[in-house]
Amino acid sequence: MAVDPRLFGGLCFRFRDQNPEVAVEGPLPIFSCGGWRGGRTVMAAVAANVAAAAEDQEPQHEAVPGLESQWLQIENKESGRDRPLRAGESWFLVEQHWYKQWEVYVQGGDKDSTAFPGCINNADLFEDQVNWRLKRGLVESEDYVLLPADAWHCLVNWYGLEHGQPPIERKVVELLGVQKIEVYPVELLLVRHSDMDTPYTAQFSHTDSVDLVLRTAREQFLVNPQEETRLWIKNAEGSFERLCNTRVTLLEAALQTGQLIIMETRNKDGTWPSAQQQAVSTASEEDEEFQGQPGICGLTNLGNTCFMNSALQCLSNVPQLTDYFLKNRYLEELNFCNPLGMKGEIAEAYADLVKQAWSGHHRSIVPHVFKTKVGHFASQFLGYQQHDSQELLSFLLDGLHEDLNRVKKKEYVELCDAAGRPDQEVAQEAWQNHKRRNDSVIVDTFHGLFKSTLVCPDCGNVSVTFDPFCYLSVPLPVSHKRVMEVFFVSMDPRRKPEQHRLVVPKKGKISDLCVALAKHTGVSPERMMVADVFSHRFYKIYQLEESLSSILDRDDIFIYEVSGRSAIGDNSREDVVLPIYLRERTPARDYNNSYYGLMLFGHPLLVSVPRDRLSWDALYHILLYRLSRYVTRPSSDDEDDGDEKADMEDKDSIPKPGRVAGGSSQDSGPEQAGPSSGVAGGSRAPVDNSPGPSHWPQRARRKHLFTLQTVNSNGTSDRSTFNEDTHAQPYIAIDWEPEMKKRYYDEVEAEGYVKHDCVGYVLKKAPVRLQECIELFTTVETLEKENPWYCPTCKQHQLATKKLDLWMLPETLIIHLKRFSYTKFSREKLDTLVEFPIRDLDFSEFVIKPQNESAPELYKYDLIAVSNHYGGLRDGHYTTFACNKDSGQWHYFDDNSVSPVTENQIESKAAYVLFYQRQDVARRQQPQPGLRDSPASPACGSPPNSEFMDVN
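Note that the coordinates shown come from a computational prediction; the quantities given were computed from them, not determined experimentally.

Moving on: the overall build of the protein. Broken down by element type, the protein carries 24 helices and 41 strands. A burial count over the protein gives 51% of its 952 residues as buried. Carbon and sulfur atoms make up 49% of the accessible area of the protein, which amounts to about 45,400 Å² in all.

Right, let's talk about the sheet that holds strand β26 (residues 754–755) for a bit. Ordered in space as β20-β19-β21-β17-β18-β26, the six strands form an open sheet in which the pairing is mixed. Single-partner strands in this sheet number two, and they are β20 (537–541) and β26. Pairing between strand β19 (residues 528–534) and strand β21 (residues 557–561): five bridges, direction antiparallel. Of the residues in β21, the one forming a bridge with V530 is I559. Its contacts with the sheet place helix α15 (residues 510–521) against β17 (481–489), β18 (498–505), β19 and β21, and it is angled at close to 130 degrees to β18.

Before going further, it helps to spend a moment on the confidence of the model for the protein. Across the protein, the average pLDDT comes to 79, with 78% of residues at 70 or higher. Note on residues 1–61: pLDDT is under 50 here. Beyond four places in sequence and across chains, it has 131 contacts. Segment residues 640–702 is flagged for pLDDT under 50; beyond a separation of four residues in sequence, or across chains, it makes 129 contacts in the model.

For the rest of this paragraph, the subject is the pattern of salt bridges. As enumerated under the stated definition, the model contains 40 salt bridges in all. D439 serves as the salt-bridge partner of R406, at 2.7 Å between the closest nitrogen and oxygen. Taken as a pair, R406 in the loop between α12 (389–403) and α13 (423–437) and D439 in the loop between α13 and α14 (441–446) lie far apart in primary sequence, 33 residues in all. The shortest N-O distance in the salt bridge between R501 and E485 comes to 2.4 Å. Of this pair, R501 sits in strand β18 while E485 sits in strand β17, and the two are 16 residues apart along the sequence. Looking at E485, the relative accessible area reads 36%, which means it is partly exposed. Connected through shared salt-bridge partners, E333, R406, K435, D439 and D444 make up one network.

Quick look at the packing of helix α2 (residues 67–75) against helix α3 (residues 96–108) now. Relative orientation of the contacting elements α2 and α3 amounts to 135 degrees, with a least axis distance of 8 Å. It follows that α2 is oblique to α3 by the angle criterion. Contact with α2, carried on its side by L67, Q70, W71, I74 and E75, involves Y99, W102, E103, Y105, V106 and Q107 of α3 and no other residues of that element. Across the contact of α2 with α3, the residue classes break down as seven nonpolar, two polar and two charged.

Another aspect to go through is the packing of helix α9 (residues 319–326) against helix α10 (residues 345–357). At a minimum axis separation of 9 Å, α9 and α10 run at an interaxial angle of 100 degrees. Taken together, the axes of α9 and α10 are roughly perpendicular relative to one another. Taken together, the residues of α10 that come into contact with α9 (itself represented by L321, T322, F325 and L326) are A347, Y350, A351, V354 and K355. Among the residues making up the contact of α9 with α10, the classes are represented as seven nonpolar, one polar and one charged.

How each quantity is defined
- Residues numbered from 1 in each chain as written.
- Predicted model: local features only at pLDDT ≥ 70, side-chain atom pairs only at ≥ 80, totals over all residues.
- Heavy atoms only, no water.
- Helix = DSSP H or I, 4+ residues; strand = E, 2+ residues; numbered from the N terminus.
- Buried < 20%, exposed > 50% of the residue type's maximum accessible area, 1.4 Å probe, protein only.
- Areas by Shrake-Rupley, 256 points an atom, 1.4 Å probe, with all protein chains shown as cover.
- Pairing = 2+ DSSP bridges.
- Contact = heavy atoms within 4.5 Å.
- Axes fitted to C-alpha atoms, helices over the stretch in contact; angles between N-to-C directions.
- pLDDT = per-residue confidence, 0-100.
- Salt bridge = Lys/Arg side-chain N within 4 Å of Asp/Glu carboxyl O.
- Parallel < 35°, antiparallel > 145°, perpendicular 65-115°, else oblique.
- Nonpolar A, V, L, I, M, F, W, Y, C, P; charged D, E, K, R; others polar.

Listed below in structure tokens is the structure:
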């Protein structure tokens, strides 16, 4: 609706709905209240100004038609008050008594009748003559009638409007599929966060957007256009809730009359006032006045969150993405209705971090809100366990993309194979299809295109597809060798166990381990048995054909010399190999001490025993001989004559001692647990301390150092019988009385071992170039059995060959070095030094798309950030190197600590994720191209702490 400019000194007032195309215009001879704007009644101050302007002007009426013509124009069904409602149009309220008087007047047919109604007077519809607020509880046809805009304008032109009264304009809205006139709009109380005691009342339609409320508040409170604001609503229970999506209507946001709307303005340091109230501030006055280089801001470690800090620092130093958030371009692209997204919360939380870090007002910030948001939408990151920075980065990029996806409704797109078409045509189609469903700043910045070629090994069918990617996960050249530490136990009791470091094939077998050890010891591999010792017992005894991959680096592997590979139950050999455990008898906690427990201790043995000497007496003396290095024999006075004779008879059958190897004695062996660890030290098998009787024939013996008992493989419960004809593994336990063990058993000597010269050997890893990793990434490979490809020609799954090629590279290229290797039996980290260039990383030899020779910078990249990982698989620490987009200076980010570095400190074995920016993008963003190309001065500052930096 527009007011004739002649009426107000040339001023033209235009009032329209929130939809620009819906407007009502026309001259008003009398207009006293400033009008209506977007469903909001402007308050009395504006009304007074308009009324004052109207006093100086003479009303100029149009020619008034006849009474019958007036009746037809107002009451007809096409343009009059009986016509159908249309959403978005304006209707006006007219006081019922005045309208009835008008009907009497026009139906009387006499223009000079005393029934003339005079000016339109709606005074009875208002509560007061100041705020012009409509009375509550008015009823249509009793208190007022509704007229469409055309009919209202006609009546105002013919009869005028009472001086000082505003027109009562209302919108037609669609509520629950029904068109209705919104007589009572929503009245909201608008306040500033800094002044909540003086609310401003504004009226809005249910169909108005929340953005209109925000704009109204900004206008009312005179907010600077550069300042960022957001709205909160106070609920009935007194809590506050963010109005995140400003594109929804008041009806969709469930806003009701009388609710308090709070507008807050972002602080200069990038924080929000509401966030400051929730957090406990520990900053000193000096910190509050801090002004530093934007972007040079640490992140507090909340507890094993260095992986998150490292990923955030890398992403924060991607220039085009950071500018996108700093310039608030993300506000127009927040996608609150994406079912694959996170309702814009991840994007807003990240934006808050970026604005704080780049405000220049913080030395470090606490990313607690961001951590909470990440844990809420990705349960794997809940809590405070250590995680992978690349995994967090992958989640964050995907979350930001979906939260900022410009595609509000994703259409179905069918993936098409090349089918012999030219690569450029297929690639362009694939990229367009990708953009039809995925269009965001993340796609603009980080997404590129692969060419994937699959070849069926049977029919030769070739399938070519083009697939988008967000980062490159490139493999490192892996050594086919593996270093294993083992302990060799000789048959000669005088030789201490020897520690060896052996180089074996990574995919080798147990026999390869024995062959490698034979080169150091001179003992034939056929005379070796390999066992995994855990908690004083044999966890597993390996066979020669078993794979080495089943042995983990943390396992304690013992290799025993035996008299030929004589397996238990193998009747083809003259000797039997018996596993031997050591146990100590300890009194149990019983009221009469009548019960005794047995506890494993020391290192178990594998002992070769002649098959014809399988008797308790013979075995006793054989074992006494094998333990002679750390078990002292009793004197002759301690043994009776019968036992002494038996000793003399058995000594003739004891195996001859072998060779003795030299070496330095050590105080400790691989098993560090004390004697009690037989019960409490392990979790692989439970311990049963109940002894049982043996059915081996035995005679009474006195003054023996220990007794022998058949037990199970855990060494905990006695076996009832031993039968040589069965294939069951016989285990023998040497049981010691505490006093005898203390007197005759030397624990220090028993735990001693020597190191072979090969222990000092270190498998050297030559450094590799980043280009080698990329070449390996594009090498032809055969699909694994777990991931076959369905060949449409053969109509079955095939182990096809696959080759990936780079077709199109993004503005910012993320390269993930696959340092962590996981298999069924092993996990390892590759600490190979990867040599990567700081500048001019040239991809022209890897991109197969026809290239633009006149623009070589489209294929050259400069490094802008590095995520580092120090340590091993179970524990480690993440840090970041990053180049500041404003100063061009490199810095080292270690949680909340930030320090300048030189470029020669960036390359290290810890480099894990690399961020490269294309040179043409860097030139577009930098007004001074020489600034970024110049190397950082070595005098910029001291290097980071050598504890983390000296990784070479």
